[in-house]
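# What the coordinates show
In case you want the letters, here they are:
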Amino acid sequence: MRDWKTLDQYSASIHRYITFCVSGATQRDPVSAQERWLWRKYYKPSLLKFIVSAETVTVDDALSATRSLDRYHKDACDKCMPKGKYMKIKKPAYWWTKKIYNMREVFKRTRRKYKRGRHQPIEKHQKLQEEFKLARKQLILAIRLSKKASWKKLYEEVETDTWGPPYKLVEKKLIGRRPIPGLSTPGRVDSTIDVLFPKESVILWSPRTKNHTFPKVICAGILDLCNKILRWKAPGPKGVLDLVVKEVAINRPDIIRDVFKVCIENSVFPHSWKVAKLFLLRKGYKPLDNPSSYRLICLLSMVGKLSGDL
C-alpha cells in the first residue's frame with residue numbers, strides 16, 4: 001500500500017475518507033533471512049582443522065572467485081559454530097529442562113487418570129489421587145531446584161563474562177527494547193533511504209589500457225591487513241564473523257591473495273562487496289517523518305573492506 005491521502009469530501013460523519021493505492025509488487029526487493037551462527041559456541045580447533053584440510057578456492061574469473069570465497073567462509077563457519085535458528089515460537093523458561101519436561105508428562109498423565117477415575121471404587125480412586133499428588137509435589141520441587149541452580153549459574157557468569165547474559169538481562173530490564181514508533185508506516189523507510197542515499201549518475205571510467213600494470217598482491221600485505229580486523233564486531237550482510245575471516249587470512253593468506261589478484265587484474269569490484277546491512281537509529285526525539293532524524297549504520301562485508309584498504 002502506498003500514496004496515502006486524506007480527502008476533504010463530506011462523509012456525513014465525523015470521519016474522513018482515506019485513499020491509497022494497492023499494488024501486487026513491493027517497491028523494493030524482499031530481503032531473505034540472513035544466515036547467522038552462534039558465536040558464543042565458536043570452537044577454534046575445528047576452524048583450524050577445516051582450514052588445513054579444505055580445498056582451495058577456484059579463481060577462474062573475478063565473479064566465480066568471489067562466490068567461491070563466500071562459500072569457503074560459510075563452510076568454515078559451519079565447521080566451528082552451530083547455526084542460529086530464527087524461531088517464531090515462544091522461548092522456554094530459563095529453568096526449563098528435559099527432566100522437568102518428562103516429570104510434567106508424568107504429572108499430566110496421573111492427573112488425567114485421577115479425574116477420569118472419579119466414578120471408580122473409592123479405594124482405587126484414592127490410590128489415583130495419591131499418585132497425582134506425589135507427581136505434582138515432585139514436579140514443584142524439581143522446578144524450585146532448577147530455578148535455584150539457574151540463578152546460581154547466572155551469578156557465576158557475572159564474574160567470568162562481564163558483558164554476557166547477566167549484563168544483557170539487567171540492561172533489558174532497565175532500558176528495554178524500544179522500537180522506533182511509526183517506522184512501519186507504509187513508505188516511511190523507503191522515503192528516508194531515498195533522501196539519505198541520493199541516486200547519483202553512473203560514472204563512466206576510462207577503459208584500462210594493456211600497458212597499465214598493477215602492484216603485486218603478496219601474502220605479507222594480506223597479513224598486514226589482518227591487524228586491522230577487530231574481534232567480535234557485528235557481521236556483514238552474509239553473517240560471516242570477522243573472526244573467521246581473520247583466521248582464514250592468517251593461516252591461508254594465499255586464498256585471499258588469489259581472489260584479490262584476479263579482481264584487480266580484471267578491474268572488477270564484486271557487487272556482493274557493495275551490499276550493506278542497514279540499521280536506522282533515531283536521534284533523540286526528533287520528528288519521525290524527517291529523514292535527518294535518523295542515524296544510519298551500514299555493515300559491509302569484511303572481505304570487501306580489506307580489498308578497499310589494499
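The structure displayed is predicted, hence computed values, not measured ones.

### With respect to the nonpolar core
- With 37 residues, the main nonpolar core has Y72, M81, V244 and F260 as its most contacted residues.
- Among the elements that line this core, the one with the most residues is helix α2 (residues 62–80), at seven residues.
- One finds W95, F107, F132 and A135 within the second-largest nonpolar core, a separate group that totals 11 residues.

### Observations regarding the domain arrangement of the protein
- For the protein, the domain assignment lists domain 1 (39–83 + 180–204 + 212–309) and domain 2 (98–171).
- Its C-alpha centre places domain 1 at a distance of 46 Å from the equivalent point of domain 2.

### Points about the packing of helix α1 (residues 44–53) against helix α8 (residues 242–251)
- Axis separation between α1 and α8 bottoms out at 10 Å; the angle between their running directions is 45°. The angle between the axes of α1 and α8 places the two elements in the oblique class. For the crossing formed where α1 meets α8, the hand is right-handed. Contacts from K44, L47, L48 and I51 in α1 reach V244, E247, V248 and N251 in α8.
- Across the contact of α1 with α8, the residue classes tally to five nonpolar, one polar and two charged.

### Quick look at the pattern of salt bridges
- On inspection of all chains with the given rule, the structure shows five salt bridges.
- For K44, the salt bridge is made with E247, and the minimal N-O distance between the two is 3.7 Å. Of the two residues, K44 sits in helix α1 while E247 sits in helix α8, which places them 203 residues apart along the sequence.
- Its relative accessible area of 38% is what places K44 among the partly exposed residues.

### Description of helix α9 (residues 253–265)
- Here α9 contains 13 residues, and its C-alpha end-to-end distance of 18 Å stays within 8% of the 18 Å for a straight helix at 1.5 Å per residue.
- Within the sequence span of α9, burial applies to P253, I255, I256, V259, F260, V262 and C263.
- On its buried face, α9 sits against α2, α7 (219–226), α8 and α10 (302–309).
- Where α9 terminates, the next one or two residues include S267, which has phi positive at roughly 55°.

### Observations regarding the environment of Y72
- With respect to the helices and strands, Y72 occurs in helix α2.
- Note: C-alpha distance between Y72 and T56 (16 residues apart in sequence) is 8.6 Å.
- For Y72, the contacting residues outside a window of four places in its chain are F50, I51, A54, E55, V57, V248, R252 and I255.

### Notes on unusual backbone geometry
- In this model, S267 sits at a positive phi of 55°, which is unusual for a non-glycine residue.
- Within the secondary structure layout, S267 lies in the loop between α9 and β3 (277–282).

### Topic: a nonpolar patch on the surface
- On the surface, W4, I18, F20 and V22 cluster together into a nonpolar patch covering about 430 Å² of accessible area.
- Relative to the helices and strands, I18 is located in strand β2 (residues 18–21).
- I18 gets classed as partly exposed once you look at its relative accessible area, which sits at 48%.

### What to know about the packing of aromatic side chains
- For the structure on display, the rule yields nine aromatic pairs.
- Seen from their ring centres, F50 and Y72 are 5.3 Å apart, and the 45° between their planes marks the pair as tilted. Placement of F50 in helix α1 and of Y72 in helix α2 is noted, with a sequence separation of 22 residues between them. Here the two residues F50 and Y72 agree in accessibility, since each one is buried.
- Ring centres of W95 and W96 lie 6.1 Å apart, and the angle between their planes is 55°; on these two criteria the pair is classed as tilted.

### Details of the environment of D60
- Topologically, D60 is positioned in the loop between α1 and α2.
- Separated by 47 residues in sequence, D60 and F107 have C-alpha atoms that sit 64 Å apart.

### Some words on the packing of α2 against α8
- Two elements in contact, α2 and α8, have axes whose closest approach is 10 Å; the angle formed by their N-to-C orientations is 110°. As far as their axial angle goes, α8 and α2 are roughly perpendicular. Across from Y72, H73, A76, C77 and C80 in α2, the residues of α8 making contact are V244, V245 and V248.
- Considering only residue class, the contact of α2 with α8 consists of seven nonpolar, one polar and no charged.

### Some details on a positive patch on the surface
- A cluster of like positive charges, contributed by R104, R109, R111, R112, K113, K115 and R116, occupies part of the molecular surface.
- Among the structural elements, R112 can be located in helix α3 (residues 98–116).

Procedures and definitions
- Residues numbered from 1 in each chain as written.
- Predicted model: local features only at pLDDT ≥ 70, side-chain atom pairs only at ≥ 80, totals over all residues.
- Heavy atoms only, no water.
- Core = buried A, V, L, I, M, F, W, Y, C linked by side-chain atoms within 4.5 Å.
- Buried < 20%, exposed > 50% of the residue type's maximum accessible area, 1.4 Å probe, protein only.
- Helix = DSSP H or I, 4+ residues; strand = E, 2+ residues; numbered from the N terminus.
- Domains from an automatic or database assignment.
- Axes fitted to C-alpha atoms, helices over the stretch in contact; angles between N-to-C directions.
- Parallel < 35°, antiparallel > 145°, perpendicular 65-115°, else oblique.
- Left-handed = near helix turned anticlockwise from the far one by under 90°.
- Contact = heavy atoms within 4.5 Å.
- Nonpolar A, V, L, I, M, F, W, Y, C, P; charged D, E, K, R; others polar.
- Salt bridge = Lys/Arg side-chain N within 4 Å of Asp/Glu carboxyl O.
- Expected span 1.5 Å × (residues − 1).
- Patch = residues over 30% accessible without salt bridge, like charges linked within 9 Å, V, L, I, M, F, W, Y side chains within 5 Å.
- Areas by Shrake-Rupley, 256 points an atom, 1.4 Å probe, with all protein chains shown as cover.
- Phe/Tyr/Trp six-rings, centres within 6.5 Å; stacked < 30°, edge-to-face > 60°.
- Lys, Arg positive; Asp, Glu negative; His and termini not counted.
- Charge placed at Lys NZ, Arg CZ, Asp CG, Glu CD.

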